[in-house]
Amino acid sequence: MEPTDEQQEIISLALAKENLQIVAYAGTGKTATLRMLAERLNGPILYCAFNKRIIEEASELKDFPGDCRTLNSIGHRVWAKTIPGRVTIDAKKTYNIFKQVVKGYSKDDSRSLWDAYGEITEAVSLAKAAGYIPSRIHKQARRLVGEEFWEQTNCRSSLERTIVDSILALSIRAAYEGGCDFDDQLYMPTLFGGSFPRFPVVMVDEEQDLNAVNHEMVRKLIRGGRLISVGDPFQSIYGFRGAVQGGMGRNRERFNMEGRTLSVSFRCPSEIVRNARWRVPEFKWNRAGGRVEQLKQLATAALADGSAVICRNNAPLFRLALNLLSSSRPCRVAGSDIGPKLVNSLKRLGDTSMSRSAILASIDSWVATKEGSKSANDLGDCMRIFAQESRTLAEAIARAEFVLRQDGPITLITGHKAKGLEFDTVYHLDHWLIGDSEQEQNLRYVIQTRTRETYFEIDSRGINGTRD
């Protein structure tokens, strides 16, 4: 494949040995461009990203001329060489430490802490992404953020913050003994010491998604070498989990990077591109065609196999899943995060024999304690959907577990989970749920550009048979 004019200009800059930042809009062939660069550059090349799927896709190209690794795998190897023992991964590490810490508190405080379990564990993970280390420990460690870190969390009480600090202290101690979770693979070697490998050229994909610790790790990797990065600032949607806002702009200044753009989409045809120009005015297309339409009504039987229904929130997707399954349309609710959290939250509501009205009242009380948290509101709405369909809590739990086990040719997925994926047909469900902030508008653009051919917008109430 001959390079486009945009790709040829990027190759010329890379051969001139410049630090280079490529802004690649949706579907513009960023992987193909990086491969062209790698084929033309001399010396060892490290191609890395935070997302495992991206690295797997590059690795499937068996002749990709570079060492393809996730940042986690790099950090794991560095930490394994730093400590004397063997590094083992425990995905439940924070949960196990939390259980240990909570035992030392009174019954009332323990109950309060378990009610805030989600916020506490999210804060622990965010601390490791942001580079926060409690002030009283490890004075020699590299700190990327101070007490202002707490403004990013949903931990409001001093007790919750004390617990987070305690968990972090025990987690760091365990990591020195080889017990790590996935966050530790980045947090420990980057902030607590480790000798990083060096490459003449480091390529970083999805630069807009990097958190503070990722950025610091990249800095360590390119000492004495060159940085070539690719990303799309308009696809920056993960600020809630620590992605640095404006990180691409900061890197461009920090590393004195030349900047170029890939603007021609090979995924999205002309009508899809035009529909996204409100966000990216210079967006272009490689082929004419496509279809954009707002639907007032849609029968479940008309949903195309192989299509994706994408929504800002999870609750409308679960409601639609129940509708589709009752209409004998197999479907799959995608995403690994919401399922266990939903089921566990239902189980914590009380005795499994409690009635529908009692379940709904308990959900209302739980949401009220979360002070308007968007994620808590969405989770509460998810729980209500299954409660309203059930006579008892046991039945609601069983119904939720049943839906989560299903698979089928229709994918129901949130916009955040859909990033990086593509489908022939996309139905954007309840598009009005997207807010006005910068990140929310980026999410709208992400959803609109997941399609290779057809994009529909539809309100849940317009899908025939959807349950209220």
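Everything numeric in this text was worked out from a predicted model, so none of it was measured. (Residues numbered from 1 in each chain as written. Predicted model: local features only at pLDDT ≥ 70, side-chain atom pairs only at ≥ 80, totals over all residues. Heavy atoms only, no water.)

Novice: Any details on the overall build of the protein? Residues and values, ideally.
Specialist: Helix and strand content of the protein: 19 helices and 16 strands. In summary, the protein has a C-alpha radius of gyration of 24 Å against a globular reference of 23 Å for 468 residues, a match within 12%. When the backbone C-alpha atoms are referred to their principal axes, the protein occupies close to 70 × 60 × 35 Å. By residue count, 53% of the 468 residues in the protein fall in the buried class. In the protein, the share of contacts with a sequence separation of at least 24, taken over all contacts with a separation of at least 6, comes to 75%. Summed over its atoms, the accessible surface of the protein is roughly 20900 Å², and 48% of this surface lies on carbon and sulfur atoms. (Helix = DSSP H or I, 4+ residues; strand = E, 2+ residues; numbered from the N terminus. Rg over C-alpha atoms; globule rule 2.2 N^0.38 Å. Buried < 20%, exposed > 50% of the residue type's maximum accessible area, 1.4 Å probe, protein only. Contact = heavy atoms within 4.5 Å. Areas by Shrake-Rupley, 256 points an atom, 1.4 Å probe, with all protein chains shown as cover.)

Novice: Give a description of helix H8 (residues 158-176) that names residues and reports values.
Specialist: In this model, H8 (19 residues) spans 27 Å end to end at C-alpha, consistent with the 27 Å of a helix rising 1.5 Å per residue. Among the residues of H8, those classed as buried are Glu-160, Ile-163, Val-164, Asp-165, Ser-166, Ile-167, Leu-168, Ala-169, Ser-171, Ile-172 and Ala-175. In the core, the buried residues of H8 are packed alongside helix H4 (71-82), helix H5 (93-102), helix H6 (107-115), helix H7 (117-130), strand E5 (179-180) and helix H9 (184-192). Where H8 terminates, the next one or two residues include Gly-178, which has phi positive at roughly 100°. (Expected span 1.5 Å × (residues − 1).)

Novice: Can you explain the environment of Glu-9? Please cite residues and give values.
Specialist: On the secondary structure map, Glu-9 appears in helix H1 (residues 5-15). Residue Glu-9 is classed as partly exposed on the basis of its relative accessible area of 41%. Along the primary structure Glu-9 and Arg-260 are separated by 251 residues, whereas in three dimensions their C-alpha atoms are 8.2 Å apart.

Novice: Residues and numbers for the environment of Glu-177, please.
Specialist: By secondary structure assignment, the location of Glu-177 is in the loop between H8 and E5. Measuring from C-alpha to C-alpha, the distance between Glu-177 and Ala-243 comes to 29 Å, with 66 residues separating the pair along the chain.

Novice: An account of unusual backbone geometry is requested, with residue identities and associated values reported.
Specialist: We note that Lys-17 has phi near 65°; this positive angle belongs to a residue other than glycine. By the secondary structure assignment, Lys-17 is in the loop between H1 and strand E1 (20-24). By relative accessible area, which is 66% here, Lys-17 ends up exposed. Unusually for a residue other than glycine, Asp-430 sits at a positive phi of about 55°. With respect to the secondary-structure elements, Asp-430 resides in the loop between strand E15 (423-429) and helix H19 (438-448).

Novice: Give me the lowdown on the side chain of Gln-7, citing residues and values where you can.
Specialist: Among the structural elements, Gln-7 can be located in helix H1. Looking at Gln-7, the relative accessible area reads 1%, which means it is buried. At 3.0 Å, the side chain of Gln-7 forms a polar contact with the side chain of Thr-33. (Polar contact = N/O pair within 3.5 Å; in protein donor to acceptor, adjacent residues only side chain to side chain.)

Novice: Could you give me a rundown of the pairing of strand E2 (residues 45-49), with the residues and numbers involved?
Specialist: Most of E2 is tucked away: five of the five residues are buried. Alternating positions in E2 separate into two faces, Ile-45, Tyr-47 and Ala-49 on one and Leu-46 and Cys-48 on the other, with burial throughout. Note that E2 and strand E6 (residues 201-204) share four bridges and pair parallel. The partner of Tyr-47 across the bridge, within E6, is Met-203. Inspection of the sheet shows E2 paired to strand E3 (residues 67-70) by four bridges, in the parallel sense. Of the residues in E3, the one forming a bridge with Leu-46 is Asp-67. (Pairing = 2+ DSSP bridges.)

Novice: Give me the sheet that holds E1: which residues, what numbers.
Specialist: The pairing of strands in a sheet happens through backbone hydrogen bonds and is either parallel or antiparallel. Across the sheet, which stays open at both edges, the six strands sit in the order E3-E2-E6-E7-E1-E8 with parallel pairing between neighbours. With one partner strand each, in any of the chains shown, E3 and strand E8 (258-262) form the two edges of the open sheet. Pairwise comparison of adjacent strand axes, ignoring direction, gives a mean angle of 20° for this sheet. Sheet strands in contact with H1 are E1, strand E7 (226-231) and E8, and its direction is about 155° off that of E8. (Axes fitted to C-alpha atoms, helices over the stretch in contact; angles between N-to-C directions.)

Novice: Residue-level account of the nonpolar core, with values.
Specialist: Residues Ile-120 and Phe-192 are the most contacted members of the largest nonpolar core, which totals 54 residues. Taken together, the elements giving at least two residues each to this core come down to E2, H4, H5, H7, H8, H9, E6 and helix H10 (212-221). With seven residues, the top contributor of residues to this core is H8. Apart from residues lying up to four places away in sequence, Phe-192 is in contact with Trp-79, Ile-133, His-138, Ala-141, Ile-172, Tyr-176 and Tyr-187. If you look at the next biggest cluster of nonpolar residues, it comprises 41 residues, including Val-309, Val-333, Ala-400 and Val-403. (Core = buried A, V, L, I, M, F, W, Y, C linked by side-chain atoms within 4.5 Å.)

Novice: Quick rundown of the state of the cysteines? Include the residues and the values.
Specialist: A complete count under the given rule lists zero disulfides for this structure. Here Cys-48 is not cross-linked by a disulfide; its sulfur's nearest cysteine counterpart is in Cys-68, at 9.8 Å. On the accessibility criterion, Cys-48 (0% relative accessible area) is buried. The structure places no disulfide on Cys-180, whose sulfur is separated from the nearest cysteine sulfur, that of Cys-48, by 20 Å. Owing to a relative accessible area of 1%, Cys-180 belongs among the buried residues under this scheme. (Disulfide = S-S within 2.5 Å.)

Novice: How would you explain the sheet that holds strand E14 (residues 410-414) if you had to name every residue and give the values?
Specialist: Taken in spatial order, the six strands line up as E11-E16-E15-E12-E14-E13 in an open sheet, and their pairing is parallel. Where the open sheet ends on each side, the last strands, each with one partner, are strand E11 (291-295) and strand E13 (331-333). The sheet shows a mean angle of 20° between the axes of neighbouring strands, taken without regard to direction. Across four bridges, strand E12 (residues 308-311) lies against E14 in parallel orientation. The partner of Ile-310 across the bridge, within E14, is Ile-413. Contacts from helix H13 (residues 315-326) reach E12, E13, E14 and E15, with the element oriented near 165° to E14. Sitting on the sheet, H19 touches E12, E15 and strand E16 (451-458), and the angle it makes with E16 is about 125°.

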